[in-house]
Amino acid sequence: MLSVEDLTVKYGSFTALDAISFDVDEGQWLMVAGPNGAGKSTIVSAVSQGVPYGGQIRFNGTDLSRMRSKLIARHIAILTQNHSVGYSFTVKEITMLGRYAYREAMSGFTKADEEAVQRALEQTGMAEYANKSVLALSGGELQRVFLAQVFAQDPKLLILDEPANHLDLIYQKQIFGIIKEWLCQEGRAVISVVHELSLARAYGTHALLMDKGRIVSHGEINNVLTAENLETVYSMDVYAYMRQLLELWR
């Protein structure tokens, strides 16, 4: 589905990503992990064509840099952790924004658009809030609205940049659970940038472990997030620390 070859991103003399390569196939949930400054979010920026880069990024064999942004939006959607909403849009209006990639010039929304939005609201548990102002929602509810928006976009690849980092535990569980159900449908894949390694282990099928702009390990998640690899990247015994935290709950 997504193929990344020798991806390099530089900001002046600083190399944020140093010739990294990886693939994401249908049905996979790739967790991108690593310490601050590892280059995780830069991968998201490059795939979304938000920063200049060297190397190639292909989606189903097509070079993304040669695709129109509207066409990219029909295949790839991105959900970030922070959303600034300053106007009293309704939940449905925000969700409907996910259908703009399908609108023809000067045309309105179609029945298919309405059906896609309703489906997305139901998938995220936000249908009953459709006419409610987003300004009246909690943080977890607001994140589910923007998740509904990207679901309405009907992408094949969903990219998540710390989507639940600032949310309470119940909302973290909701968001990741909803995405897991979405992934079960044919022809879909997910890439998540994560700091919380427990979430990565709980939901990921594969992992990309980064450090200082380079790949330390890539593959099935249990083969990547090993004690040895994590200690190399985080300069600490992560497994021992996780067990120590678990003991506090026994």
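Please refer to the structure placed before this passage.
Residues numbered from 1 in each chain as written. Predicted model: local features only at pLDDT ≥ 70, side-chain atom pairs only at ≥ 80, totals over all residues. Heavy atoms only, no water.

1. A closer look at the packing of helix 5 (residues 139-152) against helix 6 (residues 169-183)
Thought 1: Running from amino to carboxyl end, helix 5 crosses helix 6 at an angle of 15°, the nearest separation of the two axes being 10 Å. The angle between helix 5 and helix 6 places the two elements in the roughly parallel class. Of the two possible hands of crossing, helix 5 and helix 6 adopt the one that is right-handed. In contact with Gly140, Glu141, Gln143, Arg144, Leu147 and Phe151 of helix 5, helix 6 contributes Tyr171, Gln174, Ile175, Ile178, Ile179 and Trp182.
Thought 2: Tallied by class, the residues present in the contact of helix 5 with helix 6 amount to seven nonpolar, three polar and two charged. (Axes fitted to C-alpha atoms, helices over the stretch in contact; angles between N-to-C directions. Helix = DSSP H or I, 4+ residues; strand = E, 2+ residues; numbered from the N terminus. Parallel < 35°, antiparallel > 145°, perpendicular 65-115°, else oblique. Left-handed = near helix turned anticlockwise from the far one by under 90°. Contact = heavy atoms within 4.5 Å. Nonpolar A, V, L, I, M, F, W, Y, C, P; charged D, E, K, R; others polar.)

2. Brief notes about the nonpolar core
Thought 1: Trp29, Leu147 and Leu158 are the most contacted members of the largest nonpolar core, which has 49 residues in total.
Thought 2: Residue contributions to this core peak at eight residues, all from helix 5.
Thought 3: Residues contacting Leu158, with those up to four places away along its chain left out, are Ala77, Leu147, Val150, Phe151, Ile179, Trp182, Ala189, Val190 and Ile191.
Thought 4: Core analysis: the next-biggest nonpolar cluster, separate from the first, contains 31 residues, Leu17, Val47, Ile72 and Ile76 among them. (Core = buried A, V, L, I, M, F, W, Y, C linked by side-chain atoms within 4.5 Å. Buried < 20%, exposed > 50% of the residue type's maximum accessible area, 1.4 Å probe, protein only.)

3. Quick notes on the packing of helix 4 (residues 111-123) against helix 5
Thought 1: Running from N to C, helix 4 and helix 5 cross one another at 140°; their axes reach a closest spacing of 8 Å. Taken as axis vectors, helix 4 and helix 5 run oblique relative to one another. In the packing of helix 4 onto helix 5, the handedness of the crossing is right-handed. Taking contact as the criterion, the partners of Ala116, Val117, Ala120, Leu121 and Gln123 in helix 4 are, on helix 5, Ala148, Phe151 and Ala152.
Thought 2: Looking at the contact of helix 4 with helix 5 residue by residue, the classes come out as seven nonpolar, one polar and no charged.

4. Focus: the sheet that holds strand 10 (residues 214-220)
Thought 1: Here we have six strands laid out as an open sheet, ordered 6-7-8-3-9-10, and mixed in their pairing. In the strand order of this sheet, the two ends are held by strand 6 (76-79) and strand 10, each with one partner. For this sheet the average axis-to-axis angle between neighbouring strands, irrespective of direction, equals 15°.
Thought 2: In this structure, strand 7 (residues 157-161) lies alongside strand 8 (residues 189-193), joined through five bridges in parallel fashion. Bridging from a neighbouring strand, Leu160 pairs with Ser192 of strand 8.
Thought 3: Taken strand by strand, helix 5 contacts strand 6 and strand 7, and its axis lies near 175° from that of strand 6. (Pairing = 2+ DSSP bridges.)

Structural measurements only, silent on function.
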